[in-house]
Amino acid sequence: MANEITNYQCPACTGPLHFGSESGMLECDYCGSRFSVEDIEHMFAEKNARAEEAGAQREETLQENIRDGQWDMDAAGEEWGADAENIRAYNCPSCGAELICDSTTAATSCPYCGNPTIIPGQLSGAKKPDVIIPFKVDKTAAVAALKKHYKGKPLLPKAFKAENHIQEIKGVYVPFWLYDAQVDADMTFKTTRVHTHSTQREVITETDHFLVHRAGSIDFENVPVDGSSQMPDAHMDAIEPFDYKELKPFSLSYLPGFLADKYDVSQEECAKRANSRCAVSAENAVRSTVIGYASCATVNRNVTIRAKGVKYAMMPVWMLSTQWKGKNFLFAMNGQTGKLIGDLPVDKGKLAAFCVGAFAVVGAVTALLLL
Amino acid sequence: MKRKLIAVLSLLVLLGCLTAFAYAENDFVTDRAGLFTASQTQELNRLAAELSREHNVGLYIITMQNFKQESRYSYLGDYIDQIYHSQGLGLGSGRSGIVLALSMAERDYNVYWYGPDADAALSGGNIDSFESGFLSYFRSNDYYGGFRAYLNTCGRYLSAAENGTPIGNWSEEGEKLPAGLAAIPGAIAALLAGLGLSAPMRSAKCKTDANEYVVPGSMDLRARSDMFLHRSVTRRPRETQSSSGSGGVHSHSSGGHSHGGKF
C-alpha cells in the first residue's frame, strides 16, 4: 500500500494549514498566518524532496531491526483478501495515527488530531486534475443554507426539523469531467398552418401542411459530469452550474481542510451522459428555429457529436447528511455558489390534510355556485 | 221591437265572445310552412291553450318557409321578437310568453321568451337542456311530435319554476346538481395542492439538457427549407345566433331573449 502523505505545515509555527474558502489562501489556525498557494507550493516542493530521501533511509533501518515475533499472530484478524484493493492505510505525519481510507480518497483529515492531510499518491496512477474551483463558501454557510432549505415547506414533518441533527458535514472536492463538443443536428419536421374563415352557412378551416428541414451546429463548453461513483448523479446535476470564470490550474494547495476524491468513472463512461445532454439541447435549439406554425412534429433527426476536448476538474461540494426514522437524507451544496439541494421527507398526514382541505373548500364553492 | 233589439245585441255579444274565444284558441299556432294537418293544428292549439291558461304564460308555435324572404331580418330571433310585440303576444300583466319558431328553408329554429314568468322558467343556463327535449324530433322531421314535446317541456319547466325549483342546465329532469359533479373541481384542486406542495420536497434531479453550456452565438444554421405539401379543408355548419357562438343567448333590447341554431 502506498504511504506517501503530505500535510502543509505553517512555516511560522508548524501548525497545520488549511485552505481558507473566503480568503483564497492557506491559513494557520494556531498563529493566524496566511500564505499564498504559490508560496506554499514552492516551499513544500523542496521539503517533499528531502522527506522522500529520509523516508527511504528509514525503511532500510526498519528492515534491519525486524526480529522474530513473540506472539502467535495467526489467530488475530483475517486477511483483507479482495477488500485490500479498495482500502489504503497511511500514517498521519502530525500524530502518527494510522489512517484507513478508500482507494479514491486523495485528501482527508486525521480523526485523532484533525490535521488536514493530502495523499498525493492517490492521485498518481490516475490523471492529474487540470483545473479546480476552490471552495468559496464555508461550513457555517452550508449549515445555514440547510436550515433555509427547511423553510417554506409545509409538508416537512415538524419532528424532522426538531430532532434533526446533522450527522456529517464534509467539504469534498468532487472529480468532474468537463466536455467540449460541437453537435450537428439535421432534423425534419411536419408542420401546419391553419386559416379559418366563415361564410353565411359554414365555418371553413384550411390547414396547410409543410415539410420543414433544418440543419445546423452548436458548440458546448465545459459540460460537467461527475466522475465519482460515490456521488449521486442527481445531486451533482442539481447543484449546477458552477461559475467557470473561477476555474484555476490545479494545485494540491487548495485541498488542505477538505476531502478530495479521485475519479473512479472514466471519462469515456461519463461522456455518454454529456453527449446525451448536448444532443437534447442541440435538438431543442434547432427546433426553436421552426417558427410561424400552428403545430410542429419531428419526423426525422440525425445528431452527430464531435468531441472537441475534455478536462479533469475538481469541484467544491459540501455534503451534508442526516438520519431520520432510520433513513439517510443527503444534501449537497455547491461550494462555490451556495446552491443547496436535497430531498426532504414528506409528512403524509399533512399531505392528506392539505388535499382534503383543498377538496372540501373547492368542492363546497363549486356546489354553492352551481346548485 | 225593444225586445228584438236586445236579443239581437245579446246574440252579437255572444258571437263576439265566441269569436274572441275561437281566435284565442287558434292563435297559439301559426303554421305558414304547412307542416301540420288540420287536426294536428287543432290538437296543438288545444294543448297550447290549456298549458298557457294553466301557467298564465302564452305558449306559441310559428312555422314559416323562409324568414329571410318574409322579413328584413337576418336572424330569426329578431323576427320573432318583432312578431311578438307587434301582435301583442303574451299573457298576464307581464305579457309572458314562449315562442318556438321554425324556418324550413334554412332549417333554423329559435326559442324566444319574454316576461317575468317565462324568465323564471328559462335562462341562458338551462336553455340547452330545454331544447334537447324536442330538437331530436325536428331532426327526424317529426314536426308534430316535436311541437307536442315542446309544449309538454314548457309545462314541466313552468311548473318547476312556479314551485321555486327551476330545472337547471345540468339535468333535464333533475333539480339538483349531481354530487359527483361538484366533486370533480374539488378532486382537481386536491391533486394540484398535493403536487404543488410535494414538488419542492424533491430537488435532487438529473439534468437532461446542457442549455447552460451552449457557447453564446455558436449556433450555425446551415440548411433551412420550408416546403409546402398540401392543403386540407374542413367545413362545419355555422351557428346562426349571436357572436357568443354555439349555444349562446341572444338578448334583445325589448327585454326578450332568444336562442337558436340549426336542427
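Just above, that's the structure.
These numbers were taken from a predicted model, which means no experiment stands behind them. (Residues numbered from 1 in each chain as written. Chains lettered and ligands numbered in written order. Predicted model: local features only at pLDDT ≥ 70, side-chain atom pairs only at ≥ 80, totals over all residues. Heavy atoms only, no water.)

1. Concerning the pairing of strand E4 (residues 108–114) of chain B
Residue and element names in this part refer to chain B. The condition is simple: Accessibility here uses a 1.4 Å probe with only protein chains present; expressed as a share of the type maximum, an area under 20% marks a residue as buried, one over 50% as exposed, and anything in between as partly exposed. Helical segments are the DSSP runs of H or I of at least four residues, strand segments are the runs of E of at least two, and each set is numbered from the N terminus. Here, a strand pair is defined by DSSP locating no fewer than two bridges between the strands.
The buried fraction of E4 is high, at seven of seven residues. The alternating pattern of E4 places Asp108, Asn110, Tyr112 and Tyr114 and Tyr109, Val111 and Trp113 on opposite faces, both of which are buried. Between strand E3 (residues 97–103) and E4, which pair antiparallel one after the other, the connecting turn spans four residues, and arginine 107 there sits at a positive phi close to 50 degrees. Sheet topology places E4 next to strand E7 (residues 257–262); six bridges connect them, and they run antiparallel. The residue bridging tyrosine 112 from the neighbouring strand is serine 258, located in E7.

2. Examining helix H8 (residues 143–162) of chain B
Each turn of an α-helix holds 3.6 residues, which means side chains three or four residues apart point in the same direction. Residues and elements named next belong to chain B. As a reminder of what qualifies: A helix's residues, less one, multiplied by 1.5 Å, set its expected span. Polar contacts, as counted here, are pairs of nitrogen or oxygen atoms within 3.5 Å of one another; within protein the pair requires one atom able to donate a hydrogen and one able to accept it, and residues that are adjacent in sequence qualify only if both atoms are side-chain atoms.
Here H8 spans 28 Å end to end across 20 residues, near enough to the 28 Å set by a 1.5 Å rise per residue. For H8, the tally of buried residues reaches 14 of 20 residues, placing the bulk of the element in the interior. For H8, the capping residue at the N-terminal end is aspartate 142, with a side-chain oxygen 2.9 Å from the backbone nitrogen of glycine 145. Glycine 164 sits one or two positions beyond H8 and adopts a positive phi of about 80 degrees.

3. Regarding a positive patch on the surface
Residue and element names in this part refer to chain A. This is how it is decided: Patches were defined on residues exceeding 30% relative accessible area and lacking a salt bridge, with like-charge contacts within 9 Å and nonpolar side-chain contacts (Val, Leu, Ile, Met, Phe, Trp, Tyr) within 5 Å. In these tables, accessible area is a Shrake-Rupley quantity obtained with a 1.4 Å probe, and a residue counts as shielded only by the protein chains included in the view. Salt bridge, as applied in this entry: a Lys or Arg side-chain nitrogen positioned within 4 Å of an Asp or Glu carboxyl oxygen. None of His or the chain ends enter the tally, which takes Lys and Arg as positive and Asp and Glu as negative. For charged residues, the charge sits on one atom: NZ in Lys, CZ in Arg, CG in Asp, CD in Glu.
Residues Lys148, Lys151, Lys158 and Lys161 make up a contiguous surface patch of positive charge. Looking at where lysine 148 falls in the secondary structure, it is placed in helix H3 (residues 139–150). Lysine 148 sits in the exposed class, given a relative accessible area of 64%.

4. Notes on the interface of chain B and chain A
Heads up, the rule is: By the convention used here, residues are in contact when the closest approach between their heavy atoms is within 4.5 Å.
With 51 residues of chain B in contact, the opposing surface of chain A contributes 68 residues. Run the count over chain B and chain A and you get five salt bridges. Salt-bridge contacts for arginine 231 of chain B lead to glutamate 206 of chain A; the nearest nitrogen and oxygen are separated by 3.6 Å. For the pair chain B and chain A, the number of links is 30 residue pairs in polar contact (both at pLDDT 80 or more). For the side of chain B that touches chain A, the secondary-structure elements that each account for two or more residues are helix H9 (179–198) and strand E5 (220–237) of chain B. The biggest single contributor to the side of chain B that touches chain A is E5 of chain B, with 18 residues.

5. Section: the sheet that holds strand E3 (residues 34–35) of chain A
Residues and elements named next belong to chain A. With antiparallel pairing, three strands are arranged side by side in an open sheet as E1-E2-E3. At either margin of the open sheet sits one strand with a lone partner, and together these are strand E1 (17–19) and E3. Relative to E3, strand E2 (residues 26–28) runs antiparallel, the two being bridged by two bridges. By the bridge assignment for E3, leucine 26 is matched with phenylalanine 35.

6. Quick word on the packing of helix H2 (residues 38–55) of chain B against H8 of chain B
Residue and element names in this part refer to chain B. Formally: Helix axes are fitted only over the stretch in contact, all axes being lines through C-alpha atoms; the angle between N-to-C directions runs from 0 to 180 degrees. Working definition: roughly parallel below 35 degrees, roughly antiparallel above 145 degrees, roughly perpendicular at 65 to 115 degrees, and oblique for all remaining angles.
Relative to each other, H2 and H8 sit at 5 degrees, their axes nearing to 10 Å. With respect to their mutual orientation, H2 and H8 come out roughly parallel. From H2, Gln40, Glu43, Leu44, Leu47, Ala48, Leu51 and His55 reach across to H8, where they touch Tyr144, Phe147, Arg148, Leu151, Asn152, Gly155, Leu158, Ser159 and Glu162.

7. What to know about unusual backbone geometry
Residue and element names in this part refer to chain A. Going from glutamate 240 to proline 241, the amide bond is cis rather than trans, its omega being 0 degrees. On the secondary structure map, proline 241 appears in the loop between helix H5 (233–238) and strand E11 (248–249). Even without being a glycine, lysine 325 presents a positive backbone phi close to 55 degrees. Of note, lysine 325 is situated in the loop between strand E13 (295–324) and strand E14 (327–334). Here lysine 325 falls in the exposed class, since its relative accessible area comes to 72%.

8. Here we look at a negative patch on the surface
A contiguous patch of negative charge on the surface is contributed by Glu54, Asp117, Asp119 and Glu162 of chain B. Take glutamate 54 of chain B: it is sitting in helix H2.

9. A look at the pattern of salt bridges
Close approach of charged atoms lets side chains of opposite charge pair. Residues and elements named next belong to chain A. The full count for this structure, using the stated rule, is 22 salt bridges over all chains. Residues lysine 136 and glutamate 246 are paired through a salt bridge, measuring 3.0 Å at the closest nitrogen-oxygen approach. Here lysine 136, found in the loop between strand E8 (131–132) and H3, pairs with glutamate 246, found in the loop between H5 and E11; they are 110 residues apart in sequence, far enough to count as distant. Take glutamate 246: its relative accessible area is 24%, and that puts it in the partly exposed class. We note a salt bridge from glutamate 283 to arginine 301, for which the minimum N-O separation is 3.0 Å. On the criterion of sequence distance, the pair formed by glutamate 283 in helix H6 (residues 267–287) and arginine 301 in strand E13 is long-range, its members being 18 residues apart. Classification of glutamate 283 by relative accessible area gives buried; the value is 17%. Members of the salt-bridge network, linked through shared partners, are Asp233, Asp237, Glu240, Arg273 and Arg277.

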